[in-house]
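So you can see what is in the structure, the chains are spelled out below.
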Amino acid sequence: MTLRLRHPHIFSANLLPVVLSAVLVLLIAGAAPVHAEIRVTDLVGREVVLDQPARKIVLGEGRHLAVLGMLHDDPVSLLAGWRQDKGLDPATYDAYLAKFPALAEVAPVGAGNRLLSVESTIALMPDLVLLSLMDARDPQMQMPLRQLEAAGIPVAFVDFFTAPLENTLPSLRLIGQLTGAEDRAEEFAGFYTDHLEGVMATLKAAQPAPPRVFIHVHAAPTNCCATVGPGVFDEFVEAAGGYNIGRDSVPGVMGNVGLENLLASDPDVYLATGGAHMKARGGLVLGAGIDADTAAQSFADLLDTPGFADLRAVQEGQAIGIWHLFNDFPAHIALIEALAKRFHPDLFPDLDPMATMAEFEERFSPVEMTGSYWLPAE
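Fair warning: this is a prediction, and the values are worked out from it, not measured in the lab.

It is not clear to me how the sheet that holds strand E5 (residues 107-108) should be interpreted in this structure. Could you clarify?
Strands in a sheet are paired, the pairing made by backbone hydrogen bonds, and the direction either parallel or antiparallel. The five strands are arranged E5-E4-E3-E6-E7 in an open sheet whose pairing can be described as parallel. Bordering the open sheet on either side are E5 and strand E7 (155-158), each of which pairs with just one other strand. One ladder, built from three bridges, connects strand E3 (residues 57-59) with strand E6 (residues 128-132); its direction is parallel. Counterpart to Val58 in the pairing with E6 is Val129.

Structure, rendered in structure tokens:
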């Protein structure tokens, strides 16, 4: 900075200290970093304000650590606490723990029936609590929310579950803004949009007849059959060019259909969801850490069950198994491709959902996600 005096002859030496002090203040102000206030609107229309990017976060959904991992190389360093009702699957948890041992020290703030310990949460002094739309709609969460607000703890609602196609990118961008990872969020948004629009453009141009799909969630040989109405897996099936027949019988997100009714409905495709949690029930076992032989055997055993074996879809080779936890994770873009390729093989001969999943892992996961995520695996 150059100080020029228009009339040096009237400049008094007594003013020199004052002028130099003023110049010094200007120089310091110009060099100091400016932390702009973060002001965003969350998924329920609430304004969330932070003084700076969040660095002590409480997760209302433990499985959303994998979402945070899409945006930060060390997501555990941002984690102050988590509710374990909706946690990571065992293999994913073990992978995060192996890479980030500090995960073992993260404080629990509630588990079971979507309970949140307000006392434990406030004691952690977090600068952000991330909750889901399910929390926003849960009457028993209203008091905890008021208590958090009274304590001055910012809360933001995100959604990767109830309306995944609509809310995944807005939720990811929101977390990116609140944690200073906007660029990473936009990188994933480009990846996601390119893959999704590729599938949808092909379907729009061809206008194929959608196969009638029955979605059997938490698939096991007994207690048939839990299924879904609008939302979640329904959206994946629709995006892939199918029609979820659960829409015709289940008014809400989830419901039950008897085996006799399933057989009478005669779906074109039988779509079963499973995970590591189904092993104890003799059901479909898929997901992170599950080898191909284990997954294939569990699927074969399921399809051999009397009743399921009688379905035309099963007899004609139109049975598909998928990882259940795609239902709350942005990697569902690879699942949509896998379903589209199976529903309409003539339209998608070159689509490679396995490559999409591998690219997701390489670019957007800090840990390896090796496992079996859908069957048949091609």
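It is not clear to me how the pairing of strand E12 (residues 269-274) should be interpreted in this structure. Could you clarify?
The side chains of a regular strand alternate, residue by residue, between the two faces of the sheet. With six of six residues buried, E12 lies mostly within the body of the structure. Bridge count for strand E8 (residues 212-216) against E12 is four bridges, and the pairing is parallel. Paired with His216 across the two strands is Ala272, which belongs to E12. Bridge analysis of E12 against strand E14 (residues 319-323) gives five bridges, and the strand direction is parallel. The partner of Thr273 across the bridge, within E14, is Ile322.

I tried to follow the packing of helix H8 (residues 182-206) against helix H13 (residues 332-343) on my own but got confused; where do I start?
For any two helices packed against each other, the geometry comes down to the angle between their axes and how far apart the axes lie. Relative orientation of the contacting elements H8 and H13 amounts to 15°, with a least axis distance of 10 Å. One element, H8, and the other, H13, form an angle in the roughly parallel class. With respect to the hand of their crossing, H8 and H13 are arranged in left-handed fashion. Along the contact surface, H8 presents Phe191, Tyr192, His195, Leu196 and Val199, while H13 presents His332, Ile333, Ile336, Glu337 and Ala340.

In this structure, what is going on with the confidence of the model for the chain? I would like to understand it.
Low pLDDT marks regions whose predicted coordinates should not be analysed in detail. Across the chain, pLDDT averages 89, with 89% of residues at or above 70. Segment residues 1-34 is flagged for pLDDT under 50; beyond a separation of four residues in sequence, or across chains, it makes six contacts in the model.

What is the right way to read the state of the cysteines from this model?
Covalently bonding the sulfur atom of one cysteine to the sulfur atom of another cysteine gives a disulfide. Summed over the entire model, instances satisfying the criterion amount to one disulfide. Disulfide partner of Cys224: Cys225, at an S-S distance of 1.5 Å. With the S-S bond torsion at -85°, the cross-link from Cys224 to Cys225 turns out left-handed. The partly exposed category is assigned to Cys224, whose relative accessible area is 23%.

Help me understand the sheet that holds strand E16 (residues 374-375) in this model?
What the five strands build is an open sheet, ordered E10-E8-E12-E14-E16; its pairing is mixed. The sheet is open, and its two borders are formed by strand E10 (243-244) and E16, each paired with just one other strand. Against the sheet, H13 contacts E8, E12, E14 and E16, and its axis sits at roughly 175° relative to E14.

I tried to follow the pattern of salt bridges on my own but got confused; where do I start?
Pairing between side chains becomes possible if they bear opposite charge and their charged atoms approach one another. Going through the model one piece at a time under the given rule, you end up with 13 salt bridges. For Arg184, the salt bridge goes to Asp73, with nearest N and O atoms at 3.3 Å. With Arg184 in helix H8 and Asp73 in the loop between helix H2 (65-71) and strand E4 (79-82), the pair connects residues that are 111 residues apart, well separated along the chain. Here Arg184 falls in the partly exposed class, since its relative accessible area comes to 24%. Classification of Asp73 as exposed rests on a relative accessible area of 58%. Note that Glu359 is salt-bridged to Arg363, the shortest N-O span being 2.7 Å. One end of the pair is Glu359 and the other is Arg363, both in helix H14 (residues 353-364) and four residues apart, which spans about a single turn. Through salt bridges with shared partners, one network takes in Asp266, Asp268, Arg312 and Glu316.

Looking at this model, I keep getting lost on the packing of aromatic side chains. Mind explaining?
Within a pair of aromatic rings, the relevant descriptors are the distance that separates the centres and the angle that separates the planes. Tallied over the entire structure, the rule returns 15 aromatic pairs. Ring centres of Trp323 and Phe326 lie 5.2 Å apart, and the angle between their planes is 75°; this geometry places the pair in the edge-to-face category. Take Trp323 and Phe326: they sit in the same class, and that class is buried. Centroid distance Phe326 to Trp374: 6.3 Å. Interplanar angle 25°. Geometry classified as stacked. Of the two residues, Phe326 sits in the loop between E14 and H13 while Trp374 sits in strand E16, which places them 48 residues apart along the sequence. Accessibility expressed as a relative area gives 0% for Phe326, which makes it buried. Cluster of aromatic residues (ring-pair linked, three or more members): Phe188, Phe191, Tyr192, Phe329, Phe360 and Phe364.

Can you help me understand the environment of Ile336 in this one?
Mapping Ile336 onto the fold places it in helix H13. In this structure, the C-alpha to C-alpha distance between Ile336 and Glu238, residues 98 residues apart in sequence, is 9.0 Å.

Honestly, the nonpolar core in this entry has me stumped. Any pointers?
Ranked by size, the top nonpolar core spans 79 residues in total, and within it Leu65, Leu178, Phe188, Phe329, Leu339 and Phe360 carry the most contacts. By size, the runner-up hydrophobic cluster in this structure holds 22 residues, among which are Cys225, Leu286, Phe299 and Phe308.

Mind showing me how you'd approach H8 here?
Along an α-helix, residues three or four positions apart point the same way, because every turn accommodates 3.6 residues. Its 25 residues place the ends of H8 36 Å apart at the C-alpha level, agreeing with the 36 Å of an ideal helix rising 1.5 Å per residue. Along H8, the positions that sit buried rather than exposed are Ala185, Phe188, Ala189, Phe191, Tyr192, His195, Leu196, Val199 and Leu203. Close packing links the buried residues of H8 with H2, helix H7 (164-179), helix H9 (233-239), H13 and H14. With its phi angle positive at about 50°, Gln207 sits one or two positions after the end of H8.

Conventions and cut-offs
Residues numbered from 1 in each chain as written. Predicted model: local features only at pLDDT ≥ 70, side-chain atom pairs only at ≥ 80, totals over all residues. Heavy atoms only, no water. Pairing = 2+ DSSP bridges. Helix = DSSP H or I, 4+ residues; strand = E, 2+ residues; numbered from the N terminus. Buried < 20%, exposed > 50% of the residue type's maximum accessible area, 1.4 Å probe, protein only. Axes fitted to C-alpha atoms, helices over the stretch in contact; angles between N-to-C directions. Parallel < 35°, antiparallel > 145°, perpendicular 65-115°, else oblique. Left-handed = near helix turned anticlockwise from the far one by under 90°. Contact = heavy atoms within 4.5 Å. pLDDT = per-residue confidence, 0-100. Disulfide = S-S within 2.5 Å. Salt bridge = Lys/Arg side-chain N within 4 Å of Asp/Glu carboxyl O. Phe/Tyr/Trp six-rings, centres within 6.5 Å; stacked < 30°, edge-to-face > 60°. Core = buried A, V, L, I, M, F, W, Y, C linked by side-chain atoms within 4.5 Å. Expected span 1.5 Å × (residues − 1).

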